[in-house]
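Secondary and tertiary structure notes
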Amino acid sequence: MIRHFISLSDGGAEGLAAILADAGERKQARAGLPKGRADHDAPLDGRVLAMVFEKSSTRTRVSFDVAMRQLGGSAIVLDAGTMQLGRGETIADTARVLSRMADAIMLRTDDHAKIEELQRHATVPVINGLTDLSHPCQIMAELLTIVERGKPLAGLEMAWLGDGNNVAYSLIEAAGLLGFNIRLGVAEGFDCDAAVVDEARARGAQIAVFRDANVAVKGAHVVVTDTWVSMGQSDGDVRIGAMAPYQVNAQLMALADPSAMFLHCLPAHRGEEVTDAVIDGPQSAVWDEAENRIHAQKSVLRWVFGQI
Ligand code: CP
Ligand code: NVA
């Protein structure tokens, strides 16, 4: 059976824990090496990853490319606009062709149904590099950043501020799978999908919803936010107006646990969802989180190839 990584549930609790452990070990083992040098065991020697982007990217694009180099393989970056996909070739046919030419496919797209369609027709693993619904690879990097700073996930209290978006979706999914709790401080009208919240609760996570940002962050061990206007959204002015009370600034961070860390998937919109004082401050771990995209995804790649 082909292993895909479309959602965190594909990994399951055991798979995600194994990916995180592997990522931490491999990161330590190659400390100090030039970024493009392969790990000593080059576990994906000769493998090719095809990456298809229907949306902009800096981190996902570079981190998957570097990840493949460090694993001993290589990556091809394809912008949908310059592919035949952009001229009407079907996703199904694209999946069939890329499956003959590459060993795995990563897709960043808008409608989640598109990655499901790709998965149905691919005969190699498909990895989700972000859809309008979810961003599982980002959450693996986020969790790696938390555990490497010595915070165990079980029982952790995380606060999510602002928009109930794709990144929040995957974070909630992770909470259900790995046993941590989330305090959602989300603007009215921009709530997280109720079915996702219910599923995480059914798995045992406490997911609390607050309209007051001050209450949402109270005592949190980790404070997380993301842009108020995601790629492809056209109602930016409405969103920025509604989410203004959820800005993560120094006053808000002061209400979290004194040891709290600040995380953000990036790109940040400084002065909107987060202030300079917080993102550049001592509690911020956003640059570690960005680097950890490489380390977490290396282990996601090893997992889809059945090496973990
Ligand atoms: N966080 C993230 O996915 O960044 P990019 O959009 O730059 O890939
Ligand atoms: N929620 C953001 C995440 C970017 C990495 C977006 O979808 O644009």
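Everything that follows concerns the structure shown earlier in this document.
First things first, this report covers the structure right here in the doc.

Calculation rules
- The residue numbering used here restarts from 1 in each chain and proceeds along that chain's sequence as written.
- Whichever chain is written first becomes A and whichever ligand is written first becomes 1, with later ones labelled in order.
- With pLDDT at 70 or above as the cut-off, local features in this predicted model cover only qualifying residues; side-chain atom pairs require 80 or more to be listed or tallied, and sums for whole chains, interfaces and linings still use all residues.
- With hydrogens and water excluded, all non-hydrogen atoms of the structure serve as input to the side-chain values.
- For this purpose, a residue is taken to be near a molecule or strand whenever a single non-hydrogen atom of the residue falls within 4 Å of it.
- Think of a polar contact as two N or O atoms within 3.5 Å of one another; within protein, one of them needs to be a possible hydrogen donor and the other a possible acceptor, and neighboring residues in sequence only count if both atoms come from side chains.
- Only the protein chains shown count as cover for residues, and the accessible areas themselves come from Shrake-Rupley with a 1.4 Å probe.
- Put simply, Ala, Val, Leu, Ile, Met, Phe, Trp, Tyr, Cys and Pro go in the nonpolar bin, Asp, Glu, Lys and Arg in the charged bin, and everything else, Gly too, in the polar bin.
- We count a stretch as a helix when DSSP gives it H or I for four or more residues in a row; a strand needs E for two or more, and each element gets its number in order from the N terminus.
- Each helix should span, by expectation, one fewer than its residue count multiplied by 1.5 Å.
- The cut-offs for exposure are 20% and 50% of the maximum accessible area for each residue type, with area from a 1.4 Å probe on protein chains only; residues under the lower value are buried, those over the upper are exposed, and the others partly exposed.
- Axis definition: a line fitted to C-alpha atoms, limited for helices to the stretch in contact. Angles are taken between N-to-C directions and run from 0 to 180 degrees.
- In these notes the angle categories are as follows: under 35 degrees is roughly parallel, over 145 is roughly antiparallel, 65 to 115 is roughly perpendicular, and the rest is oblique.
- In this scheme the handedness of a crossing depends on how the near helix is turned from the far one: anticlockwise by less than a right angle means left-handed, clockwise means right-handed.
- Residue contacts are counted whenever heavy atoms from the two residues lie within 4.5 Å of one another.
- For two strands to pair, DSSP has to find at least two bridges joining them.

Regarding the site of ligand 1
- By nearness alone, every residue bordering ligand 1 is listed as Ser57, Thr58, Arg59, Thr60, Arg108, His135, Gln138, Cys265, Leu266 and Arg293.
- Contact between ligand 1 and Ser57: an oxygen atom at 2.7 Å from a side-chain N or O atom of the residue.
- Here a nitrogen atom of ligand 1 sits 2.9 Å away from a polar atom, N or O, in the main chain of Leu266.
- Within the complex, 96% of the 250 Å² of free accessible area of ligand 1 lies under protein.

Some words on the site of ligand 2
- As a structural note, the neighbourhood of ligand 2 is formed by Leu130, Asn165, Asn166, Asp226, Thr227, Ser230, Met231 and Leu266.
- The separation between a nitrogen atom of ligand 2 and a polar side-chain atom of Ser230 is 2.7 Å.
- Separating an oxygen atom of ligand 2 from a backbone N or O atom of Met231 is a distance of 2.8 Å.
- Burial of ligand 2 by the surrounding chains reaches 95%, relative to a free accessible area of 270 Å².
- Of the residues assigned to the shell around ligand 2, the class counts are 3 nonpolar, 4 polar and 1 charged.

A look at helix 5 (residues 136-148)
- The terminal C-alpha atoms of helix 5 lie 19 Å apart, and with 13 residues this matches the ideal 18 Å at 1.5 Å per residue to within 8%.
- A large share of helix 5 lies buried, amounting to 11 of its 13 residues.
- Taken together, the buried positions of helix 5 are occupied by Pro136, Cys137, Gln138, Ile139, Met140, Ala141, Glu142, Leu143, Leu144, Thr145 and Ile146.
- In the stretch just after helix 5, Gly150 is the one whose phi turns positive, near 85 degrees.

Section: the packing of helix 1 (residues 8-29) against helix 5
- At their nearest, the axes of helix 1 and helix 5 sit 10 Å apart, and the two run at 50 degrees to each other. Put simply, helix 1 runs oblique to helix 5. As helix 1 runs across helix 5, the sense of the crossing is right-handed. Taking contact as the criterion, the partners of Leu8, Leu16, Ile19, Leu20, Ala23, Gly24 and Lys27 in helix 1 are, on helix 5, Pro136, Ile139, Met140, Leu143, Leu144 and Glu148.
- Residues that form the contact of helix 1 with helix 5 fall into these classes: 10 nonpolar, 1 polar and 2 charged.

Examining the sheet that holds strand 3 (residues 104-108)
- Judged by pairing direction, the sheet is parallel, and its 4 strands sit side by side in the order 2-1-3-4 without closing on themselves. Looking at which strands have only one partner, the edges of the open sheet turn out to be strand 2 (74-79) and strand 4 (126-128). For this sheet, the mean angle separating the axes of adjacent strands, direction not counted, is 20 degrees.
- As paired elements, strand 3 and strand 4 share 3 bridges and run parallel to each other. Bridge pairing in strand 4 links Leu107 to Asn128.

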